Amino acid sequence: MSVVRKPTSQDEALAQAFGASLSELYARADTPEASAALTRALELRSWLALAEEQVARVRDRIYDATAADRDMGELSADDLRFDAQWIEAALSARAGYATALGELLRTMPPPGVRPERQVQLVQPRLTATLPPAPAPVRAGAVRARRS
């Protein structure tokens with residue numbers, strides 16, 4: 001399944017921040033007018049979807065291995081230790097992507113509000129007059145001053 005179709009914990013926040021459904025956001029992202037914020041948000045969402053899928057897989061594997069009806073002779077401390085390391089890495093990645101996406105969404109303007117970029121061109125004005133240029137010096141006058 002494509003990450004576009006995988007649900008994430010941040011889908012509702014994305015839809016609210018951009019004022020459109022996820023399918024509309026992905027369609028909008030394929031246009032040349034797509035904002036950098038939208039592109040980055042959907043990229044982070046994709047990574048978040050993968051991280052959340054990994055968390056779910058390892059969680060389910062741990063639940064399966066420790067199920068009440070499971071034979072205790074099948075339990076492996078090494079497997080559980082490995083799964084604990086794996087889920088720690090997946091949870092860390094998930095937290096990082098969720099935090100980055102949350103920060104991006106927090107700093108965006110509300111939907112429908114486009115930030116105005118006002119560029120003012122300033123014409124420089126000269127307010128002071130320049131001092132007069134020095135008078136040309138004649139060769140003989142320089143010798144006279146040195147003597």
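One can find the structure itself at the top, above this paragraph.
In what follows, the accompanying structure is described. As the structure is a computational prediction, the values presented were derived from the model and not from experiment.

Observations regarding the pattern of salt bridges
Thinking step 1. By the definition in use, this model includes 10 salt bridges.
Thinking step 2. Taking the shortest distance from any N to any O, the salt bridge between R59 and D60 comes out at 3.1 Å.
Thinking step 3. Between R81 and D78 there is a salt bridge; the shortest N-O distance is 2.7 Å. You can see R81 and its partner D78 sitting in helix α4 (residues 77-106), 3 residues apart, about one turn around the helix.
Thinking step 4. The exposure class assigned to D78 is exposed, which follows from its relative accessible area of 54%.
Thinking step 5. Each of K6, E53 and R57 takes part in salt bridges that share partners, so that together they form one network.

What about the packing of aromatic side chains?
Thinking step 1. Per the stated rule, a full pass over the model turns up 2 aromatic pairs.
Thinking step 2. Measuring from ring centre to ring centre gives 6.1 Å for W47 and Y97, while their planes differ by 25°; the resulting arrangement is stacked. Placement of the pair is W47 in helix α3 (residues 36-65) and Y97 in helix α4, with a sequence separation of 50 residues.
Thinking step 3. Summarising the aromatic geometry, the rings of F82 and W86 are spaced 5.6 Å apart at their centres and angled 45° between planes, so their arrangement reads as tilted. Taken together, the residues F82 and W86, both in helix α4 and 4 residues apart, mark about one turn of the helix.

About the cut-offs
Residues numbered from 1 in each chain as written. Predicted model: local features only at pLDDT ≥ 70, side-chain atom pairs only at ≥ 80, totals over all residues. Heavy atoms only, no water. Salt bridge = Lys/Arg side-chain N within 4 Å of Asp/Glu carboxyl O. Helix = DSSP H or I, 4+ residues; strand = E, 2+ residues; numbered from the N terminus. Buried < 20%, exposed > 50% of the residue type's maximum accessible area, 1.4 Å probe, protein only. Phe/Tyr/Trp six-rings, centres within 6.5 Å; stacked < 30°, edge-to-face > 60°.

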